[in-house]
Amino acid sequence: GESVGLHLPTLSVQEGDNSIINCAYSNSASDYFIWYKQESGKGPQFIIDIRSNMDKRQGQRVTVLLNKTVKHLSLQIAATQPGDSAVYFCAEILRSGGYQKVTFGTGTKLQVIP
Amino acid sequence: EAEVAQSPRYKITEKSQAVAFWCDPISGHATLYWYRQILGQGPELLVQFQDESVVDDSQLPKDRFSAERLKGVDSTLKIQPAELGDSAMYLCASSLGGDEQFFGPGTRLTVL
């Protein structure tokens with residue numbers, strides 16, 4: 001079936017460096033994508049989303065890139081800080097039958113080295 | 001700031017017992033979701049409500065799991081009987097009808 005997955009389960013970066021977290025998706029009909037951040041013991045927190053008709057979107061210190069040709073999504077975090085340490089999930093959303101179906105990937109753990 | 005509330009935060013039970021989780025979404029949010037998250041994995045949708053109606057329960061193990069949202073506000077997820085494999089974090093989320101879902105802190109279930 002359709003699925004969303006991540007290339008790297010764990011990513012370690014030096015504080016101040018940029019981080020890039022990747023995600024591969026297989027459902028070309030997905031309407032949009034969301035990146036979530038989940039800290040230990042907490043629920044996922046929305047970071048940024050991108051519509052399927054876009055290829056780039058920027059937020060505060062974060063940028064999401066969407067490459068529909070190769071069905072690839074990435075989250076770039078600029079000047080990574082210790083507070084960015086968490087598990088990051090991409091989620092694929094398909095609008096169907098009047099509601100939206102959300103499929104999460106397995107997650108990438110980001111470790112920031114002080 | 002409005003938040004999704006869940007209780008209890010932690011639950012330990014023995015297998016074959018019944019457990020129930022409660023969720024109070026952000027006021028005015030018509031859509032409510034229950035997810036199960038196994039450690040190290042992404043959340044898996046169990047059931048989705050639009051107001052009081054179930055719109056997607058295709059991944060809900062209906063032989064032991066049930067969910068209700070009688071008045072279209074708060075919701076209860078029940079497991080009876082609990083099995084060892086049910087140990088996980090149970091997350092509730094709500095949305096206004098748009099794209100962004102707001103998650104609660106979750107209920108960590110341990111089945112012994």
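Residues numbered from 1 in each chain as written. Chains lettered and ligands numbered in written order. Predicted model: local features only at pLDDT ≥ 70, side-chain atom pairs only at ≥ 80, totals over all residues. Heavy atoms only, no water.

**Brief notes about the packing of aromatic side chains**
- Scanning the model with the defined rule gives eleven aromatic pairs over all chains in all.
- Residues Phe 104 of chain A and Tyr 35 of chain B carry aromatic rings whose centres are separated by 5.6 Å and whose planes lie at 90° to one another, so their mutual orientation is edge-to-face. With Phe 104 of chain A in strand β10 (residues 99-104) and Tyr 35 of chain B in strand β4 (residues 31-37), this pair bridges two chains.
- Judged by relative accessible area, which is 9%, Phe 104 of chain A ranks as buried.
- Judged by its relative accessible area of 0%, Tyr 35 of chain B is buried.
- A centroid spacing of 6.1 Å and a plane angle of 80° characterise the contact between Phe 104 of chain A and Phe 103 of chain B, whose relative ring orientation is edge-to-face. (Phe/Tyr/Trp six-rings, centres within 6.5 Å; stacked < 30°, edge-to-face > 60°. Helix = DSSP H or I, 4+ residues; strand = E, 2+ residues; numbered from the N terminus. Buried < 20%, exposed > 50% of the residue type's maximum accessible area, 1.4 Å probe, protein only.)

**A short note on the confidence of the model for chain A**
Residue and element names in this part refer to chain A.
- The predicted model of chain A averages 89 in pLDDT, with 93% of residues at 70 or higher.
- Predicted confidence in chain A is weakest over strand β1 (residues 4-5), with a mean pLDDT of 46, and strongest over strand β6 (residues 56-58), with 97.
- Counted against residues more than four places away or in other chains, residues 1-8, with its pLDDT under 50, gives 32 contacts. (pLDDT = per-residue confidence, 0-100. Contact = heavy atoms within 4.5 Å.)

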